[in-house]
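Read off the chains here:
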Amino acid sequence: MQNPRSSTRSLEKIGNAHEKVRRILSDHVGYVLVTCRPTTQPGRLEVEVSYEGDPDLASYLVDGAQGYFENEVMVEEV
């Protein structure tokens, strides 16, 4: 069983990372940040998503990123 204190500390680190990015990108119209941490359970990931700006802009950014990665995979396969 995990020590509850270490679990809280780990959640604080995730929140702090997103808060630091929020401050760094405060002069941007919008952004989407996706982070992932491993867990002790096989096949499970701890994913956090945050965004700033208009939700439609966030959706557009995510769609654009998806297209970028799909294109990268296709280029690597050629």
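To keep things clear, this report deals only with the structure shown in the data block. (Residues numbered from 1 in each chain as written. Predicted model: local features only at pLDDT ≥ 70, side-chain atom pairs only at ≥ 80, totals over all residues. Heavy atoms only, no water.)

**Details of the overall build of the protein**
The line we're drawing: Helix and strand definitions follow DSSP, with helices as H or I runs of at least four residues and strands as E runs of at least two, each counted in order from the N terminus. Each residue is placed in one exposure class: buried if its accessible area under a 1.4 Å probe, protein chains only, is under 20% of its type's maximum, exposed if it is over 50%, and partly exposed if it falls in between. Pairs of residues are marked as contacts when any of their non-hydrogen atoms sit within 4.5 Å. For accessible areas, the Shrake-Rupley method is used with a probe of radius 1.4 Å. Any residue's cover is judged against the shown protein chains and nothing else.
The helix and strand inventory of the protein stands at 2 helices and 2 strands. Element order for the protein, N to C, with α for helix and β for strand: α-β-β-α. Counting only residues that meet the buried cut, the protein has 9% of its 78 residues in that class. Pairs at least 24 apart in sequence give 38% of the contacts found in the protein among residues at least 6 apart. Accessible surface, the protein as shown: approximately 6,700 Å² in total, 56% of it carbon and sulfur.

**Some details on the side chain of H18**
What counts here: Here a polar contact means two N or O atoms within 3.5 Å. Within protein one must be a hydrogen donor candidate and the other an acceptor candidate, and residues neighboring in sequence count only if both atoms are side-chain atoms.
For H18, the position within the fold is in helix α1 (residues 4-24). For H18, a relative accessible area of 3% translates into the label buried. Polar side-chain contacts of H18 include one of 2.8 Å to the side chain of T35. In this view, H18 contacts L33, T35, E48, V49 and S50; residues no more than four positions away in its chain are not counted.

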